[in-house]
Amino acid sequence: MTEIEINYPYSTVFDSTINILRDNDFEIKDSNKDDKFIIATKDVSLLSYGETIEISFRTTNNTTLVSIHSFSKGLQIIDWGTNDKNEKLIYNELKKFRA
């Protein structure tokens, strides 16, 4: 799991996270702004049977803490680094808020 703290209002971070996922070929399976979560998936590739990405948000004042967790679908034991890659991709895109 990867976490990042962003000094932007939750609503902005949530909407931007949805856009980041869509722009990087993740499929949004479920999201709820009130309950502060997003579930997305990535399709089958040469290295994976696909991944599920769970993103949750916690807020205080104008700070939003984003938790990103990517895990393999099905019974796949070795992920060949795809889950770390997914988490780092989303983290790096969100990190642009801090620049």
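If you're wondering where the values come from, they're calculated on a predicted model, not measured in any experiment.

To continue, consider the pattern of salt bridges. Using the criterion set out here, one finds four salt bridges in the structure. Residues Glu 27 and Lys 29 are paired through a salt bridge, measuring 3.3 Å at the closest nitrogen-oxygen approach. Of the charged contacts, one joins Glu 93 and Lys 96 as a salt bridge, the two residues approaching to 3.2 Å between their closest N and O atoms.

It is worth spelling out the packing of aromatic side chains at this point. For the structure on display, the rule yields three aromatic pairs. Aromatic side chains Phe 14 and Phe 57 sit 5.4 Å apart centroid to centroid with 50° between the ring planes, which places their arrangement in the tilted category. Of this pair, Phe 14 sits in helix 1 (residues 10-23) while Phe 57 sits in strand 4 (residues 51-60); the two residues are 43 residues apart in sequence, bridging distant segments of the chain. According to the relative accessible area criterion, Phe 14 is buried, its value standing at 4%. Linked through ring pairs, Tyr 10, Phe 14 and Phe 57 together constitute an aromatic cluster. The ring of Tyr 10 carries Lys 36 above its face, with NZ or CZ at 5.5 Å from the centroid. In this structure, Lys 42 is placed above the aromatic ring of Phe 26, and the distance from its NZ or CZ to the ring centre is 4.4 Å.

Rules used throughout
- Residues numbered from 1 in each chain as written.
- Predicted model: local features only at pLDDT ≥ 70, side-chain atom pairs only at ≥ 80, totals over all residues.
- Heavy atoms only, no water.
- Salt bridge = Lys/Arg side-chain N within 4 Å of Asp/Glu carboxyl O.
- Phe/Tyr/Trp six-rings, centres within 6.5 Å; stacked < 30°, edge-to-face > 60°.
- Helix = DSSP H or I, 4+ residues; strand = E, 2+ residues; numbered from the N terminus.
- Buried < 20%, exposed > 50% of the residue type's maximum accessible area, 1.4 Å probe, protein only.
- Lys NZ or Arg CZ within 6 Å of the ring centre and 35° of its normal.

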